[in-house]
Structure formats: structure tokens, C-alpha cells
Amino acid sequence: MNDQIPHDKSLDNSLALLREGYLFIQNRLRRYGTDLFEARLLGQKVICMSGEEAARVFYDPERFQRHGAAPKRIQKSLFGVNAVQSMDGEAHIHRKLLFMSLMTPPHQERLARLASAQWQASIGKWEAAGQVVLFDEAKEILCRIACQWAGVPLQEEEAKQRAEDFYAMVDAFGAIGPRHWKGRRARTKTEEWIREIIDNVRSGRLKAEEGSALNAMAFHQELDGRQLDTQMAAVELINVLRPIVAIATFITFSALALIEHPESRLQLKSGDDGDFERFAQEVRRFYPFAPFVGARVRQDFIWNRCAFEKGTLVMLDLYGTNHDPRIWDKPEQFRPDRFQNGIGSLFAFIPQGGGDPAKGHRCPGEGITVEMMKAALEFLIHKIDFDVPDQDLSYRLSKMPTLPESGFVMSNIRRRN
């Protein structure tokens, strides 16, 4: 028993977590006036913590491991079973370098060019439609972009359904019942599709361009020199494609920010690339994306008067850390200029995880995320005009992941001269 930190009195907090969502950890930290507390989730003891120093400890590989941290229900919907997110040590670093090789600035630039072309190509269809839901359009556009860039063949008639399947895996994260099972079915279908493509590349029936994500995953060798088996190659290729489609969430919140913060929109209209960069980073900080991440204690240690026992599950509050008033001046305000000097500490700004992405478990695709957001923002501001009809643009922090209820409806879309 950990007597030095607060303990939530509930027998099990699983229903409270589903009910409170992004605010579950913050609600209790405020109640107890501390940076960490102990609770029970799904019948097991869990330590929940928040803040920059907590993140610094959490991303110490000597203290924490990812193996055994993600529940099977998350692996079978979001990540894939035994994927890179559940690895540790040299094996993890070796696999992570594969992902890092696909996220370099040249790859980011190519994706941004593809994105600009795809957004431009959508204008005629949007004008004819009269009204579109930005989130739905963004998912499909990003799916096309991701597959084209990765070298994955995608038929035009299947793009919409593949995009829905990729996002269903993400949407299953904090869901129970139909939403979760939809994500599980989507993963099964998508893994079957990608396994066939990997087999075709390895057999020579399909040519994968050198340097493409498809080629890299199909022929990647582990530390022992063996190729990934077909299933794992498919899982990891999906872990490249799925997060790109998930950027639709950030793009939708970006559009919402343009409406909620017209002064920032005006600045972007006459701004430069730096203005777009700062705006995108503030969207990633301010609006909800990933609520928290988990890891297991590798070996016993004591921090902040708390005894962390080997094997204990620990949850780090990402959303709360990005809104911590000790880190961010007036965190409840949307202020892109707070990123005037860059993103700062890798343990304070953690919308997609913390620490060094090359060595730890921070998402290696943050650069891609920002470039894709900038391409979408440039399109919304400089390439089209549109109206925003009355709709429900609220989002619920009790839902994980969350999104504006309407998906951001746009009407009377016109190409700008």
C-alpha cells in the first residue's frame, strides 16, 4: 500500500474514466491537490500523474517499459498486437528507426505537396455539392495521400471505406460496445488487405518503389536479421497509414479555431510559414487529441514520495500536461504566439507523447502532422471561401477521442481567384 499519496476511494474507476474522459486525471489531481494519485482501473492498481516532471520520469526507459502496458482491447483495435508501441530496449529503438526513416523532412515535404494537390482537386466537387462535412472529407483525402505516398495501391471507389476503417481503429480507443467492435472489425479487414499487398510485394507480383513505406516494411530486417513476418509487416505499415488519416481530427479542430479565434485567422491571411507553424502547434496543445498514455514500472523506485513497484501500471496525463498553468501562461487561452521560440521542452508539450522520438515512445510523425495541418490551413485560408452554417460545433471532453459534434459543416464553397 502506498500511504504517501492520495488514493481514490472508489472500488473501481473504470466507469468514471469512461464518464469523465480527458478530465478524469485532472479532476482528481485538483481534488487532492497533488501531481499523482492511486486508483483502480479494470481491477488493477494504477498510478495516475501529470506535469512536466512526471513526464520526464515517465519517459525514462530505466524506470518504465511499454511491454504489457496497452490492454489487448487497445492492441486489437488501435495499435495492432505486439506492434512497435509495445516494444522496449534495443529492439524498440531498431524498429523505431525504421519509422524515423520514413518521417524525415523530405518525406514531410512530399506529403505536404501531395496534400496541397489533393485539397485543390477537391474544390470542384465541393462547389457542386454545396455543403460538405470537413472531417469526412479530410479523412478520405488523407487516406488517398497516405496510400499514394506509401506506395499502397488504392482504388478510387474504395478510398472512402478504407478511410472510415482507418479512423474506426482510432475511434475505438476510448469506446465500449458498438464503437469498439466497429474498430476491431475495421482492423481485421485492414490487416487482411495490407497482408495481401505485402505478400504481393515479396513475391514480385507488385513492385514497391525503393524508399517507400511499403518497400521499407515489406523488407525490414530485425536485429537478428530476420524479416518481419507478413502479419507484423502489415501491422506496422498500418501504424504508418492510420496516424496520417487521424490528422483529420487536428484539421477539423484547426477549422474550428479559425472560427473561434478570428484574430488568428486574420493574422494567417497575411502571415508567413512561421505563423502557420505556430497556429498548428497551438491547435495541438489547446484542443483534445490523445488523453493519456500508459506504461509499466520496470523496477522499483521512489519519486515524489510515491513508491513505484515493479509491474505497476502508470498513466501519464497528456491533455492535462498541455493545459498545466505551471507550464503554460493562461493555458485556457488560445495563443499561437506562445510558440514564438519553438515548442520548448519535450516533456512539457506532449500532444502525441513526450521525450525524444528517436529513442523513446514519442510519436515520430509529429513533423508530418504539422506539415499536413499547415497544408490544410493554407487551403482553407487562401484557396477557397466558404460559409459556416448554424451547427453544433461543441465537443465533449467525456468522449475519447472527441471531435466537434457536427464534424464542421461548410457551405456555399467558392474557389478564390
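What counts and how
Residues numbered from 1 in each chain as written. Predicted model: local features only at pLDDT ≥ 70, side-chain atom pairs only at ≥ 80, totals over all residues. Heavy atoms only, no water. 1 Å grid on protein atoms, 1.4 Å probe; cavity = no way out; pocket = protein on both sides within 12 Å on 5 of 7 lines; lining within 4 Å. Points joined across faces, edges and corners; volume = space filled by probe spheres on them. Nonpolar A, V, L, I, M, F, W, Y, C, P; charged D, E, K, R; others polar. Helix = DSSP H or I, 4+ residues; strand = E, 2+ residues; numbered from the N terminus. Phe/Tyr/Trp six-rings, centres within 6.5 Å; stacked < 30°, edge-to-face > 60°. Buried < 20%, exposed > 50% of the residue type's maximum accessible area, 1.4 Å probe, protein only. Pairing = 2+ DSSP bridges. Contact = heavy atoms within 4.5 Å. Axes fitted to C-alpha atoms, helices over the stretch in contact; angles between N-to-C directions.

On to empty space enclosed by the protein. Tallying each qualifying case throughout the model produces two cavities of 30 Å³ or more. In this structure, the largest cavity spans a volume of roughly 50 Å³. Arg284, Arg285, Tyr287, Pro288, Phe289, Ala290, Leu318, Tyr319, Asn322, His323 and Pro351 are the residues that line the largest cavity. In terms of residue class, the lining of the largest cavity is made up of seven nonpolar, two polar and two charged. Surrounding the second largest cavity, Ser264, Gln267, Leu268, Asp275, Arg278, Phe279, Pro336 and Asp337 form its lining. Among the secondary structure elements, those contributing two or more residues to the lining of the second largest cavity are α13 (262-269) and α14 (273-286). When the residues that make up the lining of the second largest cavity are grouped by side-chain class, the tally is three nonpolar, two polar and three charged.

This brings us to the packing of aromatic side chains. The tally for this structure, following the rule as stated, stands at 26 aromatic pairs. Note on Trp328 and Phe339: the rings are 5.8 Å apart at their centroids and 50° apart in plane angle, and the pair reads as tilted. Residue Trp328 is found in the loop between α15 (318-321) and α16 (366-383), and its partner Phe339 is found in the loop between α15 and α16; the two are separated by eleven residues along the sequence. Grouping residues by exposure puts Trp328 and Phe339 together as buried. Pairwise contacts between aromatic rings join Phe58, Tyr59, Phe64, Phe301, Trp303 and Phe308 into one cluster.

Time to look at the sheet that holds strand β2 (residues 44-49). Strand order in the open sheet formed by five strands is β1-β2-β8-β5-β3, and the pairing between neighbours is mixed. Two strands lie at the open edges of the sheet, namely β1 (36-41) and β3 (64-65), each paired on one side alone. Judged from the two bridges that link them, β3 and strand β5 (residues 292-297) form a sheet pairing that is antiparallel. Bridging across to β5, Gln65 finds its partner in Arg296. Here helix α2 (residues 24-32) sits on the sheet and contacts β1, β2, β5 and β8 (313-317); the angle it forms with β1, its principal contact strand, is near 130°.

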